[in-house]
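Chains, contacts and geometry: an overview
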Amino acid sequence: MASEGNGGMNLDQFKRELIQIRPTREVCGILLRFLEEQTDARRCGICLWDEGSGAFEVFPEGSAPVHRFMVFDPFLLHISDDDRIYWRGQIDSLPWSAGCSAQDALRFMDALQADLVLPLALNQSLVGAVFLQLKAEIIVEETRQRLEAAITEGRSLAAMALSNSILYARLEGILGHLEEKVRERTRELETAQSQLVQSEKMAMLGVMSAGVAHEINTPASVIQGGLENLRKNLDRIIDGALHLSESFSEDRRTQSFRAIRLAAAMAQGELRAPRDAFRRKRELSALLQQAALPRAAEFSALFVESGLSAAAGGDPNTFDALLQSDLIAALQAALSGASDDECSRLYALLAEAVHAARNLDNSSRAVRSVSRIVRALKHYSHLDQSAQLDIDIHDGIENTLVIVGSVMRGTVQLERHFSEVPLVSGNPDELNQVWTNLLTNAYQALKGARDATIVITTREAQLWGASAVQVSIADNGPGIAPDILSRIWDPFFTTKDQGEGSGLGLGIVKGIVEKHKGRIEARSTPGAGAEFIVSLPAASSANQST
């Protein structure tokens with residue numbers, strides 16, 4: 001093998017190979033091949049520091065009975081400070097540090113079946129330790145000197161090459177990790193931006209949902225309660241009518257039928273309570289008392305509250321005529337000569353009829369309210385419409401007010417000053433978000449203010465020389481300080497309390513308006529309120545420009 005070594009890799013070739021930056025294991029392979037050829041070794045390996053495991057790993061795998069030495073091994077700690085060449089035959093004669101002995105060195109060599117150990121250290125830092133098993137059992141001094149000369153020539157270069165390769169691998173790992181981190185952070189930022197925009201929209205949707213839930217829940221509860229009561233009312237009307245008719249004598253059956261007809265008429269009443277209900281009750285009660293009818297005050301109150309007396313529209317002369325109508329005659333006929341029990345039954349029948357009419361009226365109003373809210377919500381979200389439409393601005397604002405109006409009701413006065421304006425072209429859902437954010441901002445600015453008012457004004461205007469629609473939303477709140485007026489469009493900038501805003505609302509509004517080729521500006525006088533003016537090109541102008 002010595003002859004192969006002489007014709008193999010020489011020192012100059014070894015230096016040329018190691019002067020390049022190579023992977024650590026490739027550097028180890030070149031080093032071991034050079035040592036095998038120069039020393040005529042039977043077996044050659046290296047204990048190489050591994051950052052991942054925190055130990056010295058044997059390379060190549062299978063070159064020794066053991067495959068790993070821990071960093072605190074006594075012999076490895078010793079050779080980090082004393083990097084001489086360690087021959088097995090010279091171990092007993094060498095000086096040892098306090099934490100290491102000749103037995104520790106022999107144990108290390110026995111584990112590797114090595115005759116020679118060569119530390120590879122750089123700046124007192126142990127990179128690895130080369131171990132060789134030689135062919136000759138007895139090493140003469142001449143051979144020892146030749147081996148040491150060959151090893152010494154490549155030793156420092158090998159240590160530096162290994163150190164560079166380890167450092168380069170570490171840098172590559174760091175760079176790869178940084179690149180992955182940059183990509184990951186970029187994805188996170190893109191996701192965060194998307195989520196922030198979505199969260200702002202969801203925050204507005206949360207405000208609207210609370211209002212919608214309240215608005216729908218109230219009429220739905222009215223409907224449910226009204227229908228349940230109506231079912232009971234109708235059952236009682238039917239039972240009362242049957243019992244009432246059975247209680248009348250044969251010659252008074254006609255009166256009973258007239259009483260039932262009166263109950264049916266009262267059940268179909270519109271319950272339009274007259275403004276002068278008290279006067280009407282008094283006059284009707286007096287009339288029934290003159291006719292010597294029992295329980296005149298109770299029947300007169302029931303009759304007026306039923307709404308039938310309001311059919312005359314409040315005209316006193318017409319009401320006087322109504323008192324002489326067939327309905328009054330039917331009531332008088334039904335009560336004339338009736339017993340106390342019959343009067344009680346008739347009163348109960350008519351009361352149930354009034355309750356039935358009231359429940360029907362409440363349910364009808366509630367159903368109309370639900371339909372109005374659902375219709376507004378449908379138009380607000382435009383779930384069944386395409387992205388770009390010709391839009392009536394007033395419809396969008398009104399539908400938005402239906403959704404968010406319940407939050408403001410009772411605390412803010414809304415004023416509408418709408419003019420005849422042309423249609424605009426755009427995405428209804430996005431424009432509704434503009435009105436929602438601006439109205440919500442105005443409402444939040446008015447919290448605690450006396451005579452809180454939001455004024456919505458629309459007018460036809462000019463934008464960049466073409467027809468446009470201008471929408472103004474103004475409040476009489478504290479206004480915006482001049483030093484921050486120019487910053488309100490910046491992302492994440494907010495003057496609201498924590499939890500009330502993310503600082504994205506106005507930025508999103510501006511983005512949507514500009515997307516629609518429009519313009520938005522803010523005006524404010526501290527202490528006198530703020531005004532946001534949105535200008536959007538008319539549909540005809542927008543279509544011509546595209």
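What counts and how
- Residues numbered from 1 in each chain as written.
- Predicted model: local features only at pLDDT ≥ 70, side-chain atom pairs only at ≥ 80, totals over all residues.
- Heavy atoms only, no water.
- Helix = DSSP H or I, 4+ residues; strand = E, 2+ residues; numbered from the N terminus.
- Buried < 20%, exposed > 50% of the residue type's maximum accessible area, 1.4 Å probe, protein only.
- Contact = heavy atoms within 4.5 Å.
- Areas by Shrake-Rupley, 256 points an atom, 1.4 Å probe, with all protein chains shown as cover.
- Phe/Tyr/Trp six-rings, centres within 6.5 Å; stacked < 30°, edge-to-face > 60°.
- Axes fitted to C-alpha atoms, helices over the stretch in contact; angles between N-to-C directions.
- Parallel < 35°, antiparallel > 145°, perpendicular 65-115°, else oblique.
- Nonpolar A, V, L, I, M, F, W, Y, C, P; charged D, E, K, R; others polar.
- Polar contact = N/O pair within 3.5 Å; in protein donor to acceptor, adjacent residues only side chain to side chain.
- Pairing = 2+ DSSP bridges.
- Salt bridge = Lys/Arg side-chain N within 4 Å of Asp/Glu carboxyl O.
- pLDDT = per-residue confidence, 0-100.
- Core = buried A, V, L, I, M, F, W, Y, C linked by side-chain atoms within 4.5 Å.

The next point concerns the overall build of the protein chain. Helix and strand counts for the protein chain come out as 17 helices and 13 strands. A buried classification covers 44% of the 546 residues belonging to the protein chain. A separation of at least 24 residues holds for 70% of the contacts in the protein chain among residues at least 6 apart in sequence. When the accessible surface of the protein chain is summed, it comes to about 28700 Å², and 52% of that surface belongs to carbon and sulfur atoms.

Attention shifts here to the packing of aromatic side chains. For the structure on display, the rule yields six aromatic pairs. With a centroid separation of 6.0 Å and an interplanar angle of 25 degrees, the aromatic rings of Tyr86 and Trp96 are classed as stacked. Of this pair, Tyr86 sits in strand β4 (residues 86-87) while Trp96 sits in the loop between β4 and α5 (102-112), placing them 10 residues apart in sequence. A relative accessible area of 1% means that Tyr86 is categorised as buried. Taking the relative accessible area as the measure of exposure, Trp96 reaches 22% and is therefore partly exposed. Joined through ring pairs, the aromatic side chains of Phe69, Phe75, Tyr86, Trp96 and Phe108 make up one cluster.

As a packed pair, helix α4 (residues 74-81) and α5 sit with axes 8 Å apart at the nearest point and diverge in direction by 105 degrees. When the axis of α4 is compared with that of α5, the two are roughly perpendicular. Only Asp104, Ala105, Arg107 and Phe108 of α5 make contact with α4, whose side of the interface consists of Pro74, Phe75 and Leu76. When grouped by side-chain class, the residues that make up the contact of α4 with α5 number five nonpolar, no polar and two charged.

Here we take up the side chain of Asp475. Secondary-structure assignment places Asp475 in strand β11 (residues 466-475). Within the structure, the side chain of Asp475 is placed 2.8 Å from the backbone nitrogen of Gly477, a separation counted as a polar contact. Dropping the residues within four chain positions of it, Asp475 is found in contact with Ala442, Leu446, Thr453, Ile454, Ala528, Gly529 and Ala530.

Moving on to the environment of Leu401. Mapping Leu401 onto the fold places it in helix α13 (residues 393-408). Given a relative accessible area of 5%, Leu401 falls into the buried group. Put simply, Leu401 and Trp435 are 34 residues apart on the chain and 8.8 Å apart in space, counted from C-alpha to C-alpha. Dropping the residues within four chain positions of it, Leu401 is found in contact with Leu414, Arg416, Leu439 and Ile456.

A separate point is the sheet that holds strand β8 (residues 413-417). One key point about sheets: their strands pair by backbone hydrogen bonds, in either a parallel or an antiparallel sense. If you trace the five strands from one edge of the open sheet to the other, you get β8-β10-β11-β13-β12, paired in mixed fashion. Of all strands in the sheet, those with a lone pairing partner are β8 and β12 (519-525), marking the two edges. Strand after strand, the sheet turns through a mean of 20 degrees between neighbouring axes, direction not considered. As paired strands, β8 and strand β10 (residues 453-463) are joined by five bridges and run parallel to one another. Across the sheet, the residue bridging to Glu415 is Val455, located in β10. Across the sheet, α13 lies against β8, β10, β11 and β13 (529-537), angled at about 165 degrees from β10, the strand it touches most. Its contacts with the sheet place helix α14 (residues 428-445) against β10, β11, β12 and β13, and it is angled at close to 170 degrees to β13.

Taken as a whole, this structure holds nine salt bridges when the rule is applied. A salt bridge links Glu180 to Arg183, with the nearest nitrogen and oxygen atoms 3.0 Å apart. Of this pair, Glu180 and Arg183 both sit in helix α6 (residues 141-247), separated by three residues, roughly a single helical turn. Overall, the relative accessible area of 33% leaves Glu180 in the partly exposed class. Ionic pairing is found between Lys515 and Glu430, a salt bridge with its closest N-O pair at 2.8 Å. A residue pair is termed long-range when its members are at least 10 positions apart, and Lys515 in helix α16 (residues 505-515) and Glu430 in helix α14 qualify at 85 residues. When its relative accessible area of 52% is taken as the criterion, Lys515 is described as exposed. Residue classification places Glu430 among the buried residues on the basis of a relative accessible area of 17%.

Along strand β6 (residues 125-134), nine of the 10 residues are buried, which leaves the element largely enclosed by surrounding structure. Across seven bridges, strand β1 (residues 41-50) lies against β6 in antiparallel orientation. Note that in β6 the partner of Cys47 across the bridge is Ala129.

Another aspect to go through is the pairing of β10. Note that β10 and β11 share 10 bridges and pair antiparallel. The residue bridging Ile456 from the neighbouring strand is Ile473, located in β11. Hairpin remark: β10 followed by β11, antiparallel, with two residues in the connecting loop; positive phi at Trp464, about 55 degrees.

A few words now on the confidence of the model for the protein chain. Low-confidence regions, as indicated by low pLDDT, have predicted coordinates that should not be scrutinised in detail. Looking at the protein chain as a whole, its pLDDT mean stands at 75, while 71% of the residues score no less than 70. Here residues 498-503 is modelled with pLDDT under 50, and outside its nearest four sequence neighbours on either side it reaches 11 contacts, counting other chains as well.

This paragraph deals with the nonpolar core. If you look at the biggest cluster of nonpolar residues, it comprises 38 residues, and the most contacted ones within it are Trp435, Leu438 and Ile454. Listing elements by their share of this core, those giving two or more residues are α13, α14, β10, β11, α16, β12 and β13. No other element matches α14, which puts seven residues into this core. Contacts of Trp435, omitting those with residues within four sequence positions, involve Ile393, Gly396, Ile397, Thr400, Val471, Ile473, Val534 and Leu536. One finds Cys28, Ile46, Leu132 and Leu162 within the second-largest nonpolar core, a separate group that totals 32 residues.

Turning next to the sheet that holds β1. Judged by pairing direction, the sheet is antiparallel, and its six strands sit side by side in the order β3-β2-β1-β6-β5-β4 without closing on themselves. Every other strand in the sheet has two partners, leaving β3 (68-70) and β4 as the edge strands with one partner each. Across the sheet, α4 is in contact with β2 (55-59), β3, β4, β5 (116-122) and β6; its angle to β6 comes to roughly 110 degrees.

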